[in-house]
Amino acid sequence: MPYLVLDRLTKRFGHWTAVDELSLTVEKGELISLLGPSGCGKTTTLQMIAGFLDPSAGRVTLDGTDLLAKKPSQRGLGIVFQSYALFPHMTAAENVAFGLEMRGISRAERDRRVADALALVGLGAFGDRYPRRMSGGQQQRVALARALVIEPSLLLLDEPLSNLDAKMREEMQVELRRIQRRVGTTMILVTHDQAEAMALSDRVVVMNKGRVEQIAAPQEAYDRPASAFVANFLGRTNLLQGVVRHEGGAPEVVVAGARWPVGAEVPAGPGVITVRPEKIVFVPEGVPGVVQARVFQGTQWLFEVTTEAGPLTVIRQHDGQPLPSESECVSLGWRSEDMRVMAGTARAGAS
């Protein structure tokens, strides 16, 4: 039986639908990311789970219990906000202890659990330090310890790493995943950062305009996007226009004269092909083009290539192999399993 169930969860503000019949099942111990651009409904979904917003329709159950029938304070959830929301006049230990104190936990038990929580997040020696004397990363850890110390049935994280610089954000991604695996708490993470969602999550829920575009493991969503929106949103991709043909032999898609086999389930007619830049290689025969730009990025080279199918971005590893120069004529290819073909039309190019 799923641990958390969102059943056609909907939220309307007047004539605007912020979340449109979102359904999701979460197993105990999973870390799920709600991922999408600003205004897609991910934070609204989190707020309905937490009880800060009442749904317009739908149900939320946690371990078989109807959450919507309970007040926010009775739901037993832990929450980490984007701003951390630490009390500036309290030390780290006092901040972590606050929720336990409100629950009437004895002083001895409280001290033990606070010490354990601070040690879990690597701040065992910082209990007497005030937030103003702590870095952003340390404050984030205190907020996480405060949420975990109450032993929540579900932990909700609302853009918890967005205020950190890039280096600290990467370090905290590793730390957060380590902690989640160690304690096994079920977590729902709201983020607009694709790399963060893919690094942390067991599954991602990609949202767009209040609706779910795809629910999948990060690698599956990246390699096999369910829509052009998902392909574009989860990192850089190339969107090409092709034609799917079912004439004679096996079905195939034709792009600028080059051909690839496709599954019989892809309908004949115009097709949108999405292929990641790192999956494209230079080959003797394929899609012809001309290198317009070649940029060295340390571990890799980035190429912008003009083709009949439109501009393509190609990424090749800096492994010492010879690579084409600017203005050189090239041919591009990729494996059939590295592309996704969807019916319809799209503007060619990389995003």
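Structure first, text after, so check above.
Positions within a chain are numbered from 1, following the residues in the order the chain's sequence is written. In keeping with the predicted nature of the model, local features appear solely for residues at pLDDT of at least 70, side-chain atom pairs appear and are counted solely at 80 or more, and the whole-chain, interface and lining totals rest on all residues. Based on all heavy atoms of the structure, the side-chain values leave hydrogens and waters out of the count.

What's the story with the sheet that holds strand β2 (residues 16–26) in this structure? I'm lost.
Hydrogen bonding along the main chain pairs the strands of a sheet, whether they run parallel or antiparallel. Taking strand neighbours across the sheet as the criterion, the four strands line up as β2-β1-β4-β5 in an open arrangement whose pairing is antiparallel. Because the sheet does not close on itself, it has two edges, and the strands there are β2 and β5 (65–66). Along the sheet face, helix α1 (residues 42–50) touches β1 (4–13) and β2 and points at about 115 degrees away from the line of β1. Only strands joined by at least two bridges in the DSSP assignment are considered to pair. Going along the chain from the N terminus, every DSSP run of H or I of four or more residues is numbered as a helix, and every run of E of two or more is numbered as a strand. Here, residues are in contact when the closest pair of their heavy atoms is within 4.5 Å. Axes here refer to lines fitted to C-alpha atoms; in helices the fit is confined to the stretch in contact. Angles between the N-to-C directions go from 0 to 180 degrees.

Even after reading the chapter, I still don't get the nonpolar core, so can you show me in this structure?
For soluble globular proteins, nonpolar side chains are generally found buried alongside one another. Take the buried residues of types Ala, Val, Leu, Ile, Met, Phe, Trp, Tyr and Cys, join any two whose side-chain atoms come within 4.5 Å, and each joined set is a nonpolar core. The buried label applies to any residue whose accessible area, calculated with a 1.4 Å probe on protein chains only, is under 20% of its type's maximum; exposed applies above 50%, and partly exposed to all values in between. One finds Val-80, Val-96, Val-142, Leu-144, Leu-155 and Leu-157 to be the most contacted residues of the largest nonpolar core, which totals 33 residues. Looking at this core, the elements with two or more residues in it are α2 (92–102), α3 (107–120), α4 (136–148), β7 (154–158), α5 (166–183) and β8 (187–191). Top contributing element to this core by residue count: α4, with six residues. Excluding anything up to four places from it in sequence, Leu-144 contacts Val-80, Val-121, Leu-155, Leu-157, Leu-176 and Ile-179.

Would you take a moment to explain the sheet that holds strand β3 (residues 31–35) for this structure?
Sheet architecture is open: six strands sit in the order β6-β7-β8-β3-β9-β10, paired in mixed fashion. The open sheet has two edge strands, β6 (77–80) and β10 (211–216), and neither has a second partner. Each strand axis lies, on average, 15 degrees off the axis of its neighbour in the sheet, ignoring direction. In the sheet, β3 pairs with β8 via five bridges, with the strands oriented parallel. Its bridge partner being in β8, Ser-33 is matched across the sheet by Leu-189. Sheet strands touched by α1: β3, β6, β7, β8 and β9 (203–208). Its angle to β7, the strand with the most contacts, is close to 145 degrees.

How do you make sense of the environment of Arg-335 when you look at a structure like this?
The topology assignment puts Arg-335 in the loop between β18 (329–333) and β19 (339–343). A sequence separation of 116 residues divides Arg-335 from Gln-219, and the C-alpha atoms of the two residues are 17 Å apart. A distance of 2.8 Å separates a polar atom in the side chain of Arg-335 from a polar atom in the side chain of Asp-338. As used in this structure description, the phrase polar contact means that two N or O atoms lie within 3.5 Å; if the pair is within protein, one of them must be able to donate a hydrogen and the other to accept it, and residues adjacent in sequence are counted only when both atoms belong to side chains.

For this particular structure, what's the right way to read the packing of α4 against α5?
Two numbers describe a pair of packed helices, the interaxial angle and the distance between the axes. Relative orientation of the contacting elements α4 and α5 amounts to 20 degrees, with a least axis distance of 11 Å. With respect to their mutual orientation, α4 and α5 come out roughly parallel. For α4 against α5, the interelement crossing comes out right-handed. In this structure, α4 uses Gly-137, Gln-140, Arg-141, Leu-144 and Leu-148 to contact α5, whose residues at the interface are Met-168, Met-172, Glu-175, Leu-176, Ile-179 and Val-183. Each residue receives one of three labels: charged for Asp, Glu, Lys and Arg, nonpolar for Ala, Val, Leu, Ile, Met, Phe, Trp, Tyr, Cys and Pro, and polar for the others, Gly being one of them. For the contact of α4 with α5, the per-class residue count stands at seven nonpolar, two polar and two charged. Roughly parallel means an angle under 35 degrees; roughly antiparallel means over 145; roughly perpendicular covers 65 to 115; every other angle is labelled oblique. Should the near helix be turned counterclockwise from the far one by less than a right angle, the crossing is left-handed, whereas a clockwise turn marks it as right-handed.

Whenever I open this one, the environment of Pro-37 confuses me. Can you help?
Position of Pro-37 among the secondary structure elements: in the loop between β3 and α1. Of the residues examined, Pro-37 reaches a relative accessible area of 26% and is grouped as partly exposed. Distance from Pro-37 to Leu-77, taken between C-alpha atoms, is 25 Å for residues 40 residues apart in sequence. Those residues in contact with Pro-37 that lie beyond four places of it in its chain are Lys-42, Met-207, Phe-229 and Phe-233.

Whenever I open this one, the packing of α2 against α4 confuses me. Can you help?
Look at α2 against α4: their axes get within 7 Å of each other, and the N-to-C directions meet at 30 degrees. Here α4 runs roughly parallel to α2, going by the angle between their axes. The crossing of α2 and α4 is right-handed. Where α2 approaches α4, its residues Ala-92, Asn-95 and Val-96 are matched on the opposing element by Val-142, Ala-145 and Arg-146. The residue makeup of the contact of α2 with α4, split by class, is four nonpolar, one polar and one charged.

Any chance you could explain the pairing of strand β16 (residues 300–307) here in plain terms?
For a regular strand, the rule is simple: side chains alternate between the two faces of the sheet. Of the strand pairs in this sheet, strand β15 (residues 281–296) and β16 are connected by seven bridges, and their pairing is antiparallel. Paired with Ala-293 across the bridge in β16 is Glu-304. Counting the residues in the hairpin turn of β15 and β16 gives three residues, including Gly-298, whose phi is positive at 90 degrees. Taken together, the eight bridges between β16 and strand β17 (residues 310–317) define a ladder with antiparallel strand orientation. Bridge pairing in β17 links Phe-303 to Val-314. Linkage of β16 to β17, two consecutive antiparallel strands, is achieved through a turn of two residues.

Would you explain the packing of aromatic side chains in this entry?
When two rings of Phe, Tyr or Trp (its six-membered ring) have centres within 6.5 Å they constitute a pair, described as stacked for plane angles under 30 degrees, edge-to-face for angles over 60, and tilted for the intermediate range. Scanning all chains against the criterion turns up seven aromatic pairs. Centre to centre, the rings of Phe-52 and Phe-81 are 6.5 Å apart; their planes meet at 20 degrees, and the pair counts as stacked. Within this pair, whereas Phe-52 is found in the loop between α1 and β4 (57–62), its partner Phe-81 is found in the loop between β6 and α2, the two being separated by 29 residues in sequence. Residue classification places Phe-81 among the partly exposed positions, given a relative accessible area of 32%. Where Phe-229 meets Phe-233, the ring centres are 5.7 Å apart and the plane angle is 10 degrees; that geometry is what we call stacked. Remark: Phe-233 and Phe-229 occur in helix α8 (residues 228–233); sequence separation between them is four residues, near one turn of the helix. We classify Phe-229 as partly exposed; its relative accessible area is 23%. Only Lys NZ and Arg CZ are tested; either one counts as a charge over a ring when it is within 6 Å of the ring centre and within 35 degrees of the ring normal. The side chain of Arg-132 reaches across the aromatic face of Tyr-130, ending 4.9 Å from its centre. In this structure, Arg-276 is placed above the aromatic ring of Tyr-222, and the distance from its NZ or CZ to the ring centre is 3.9 Å.

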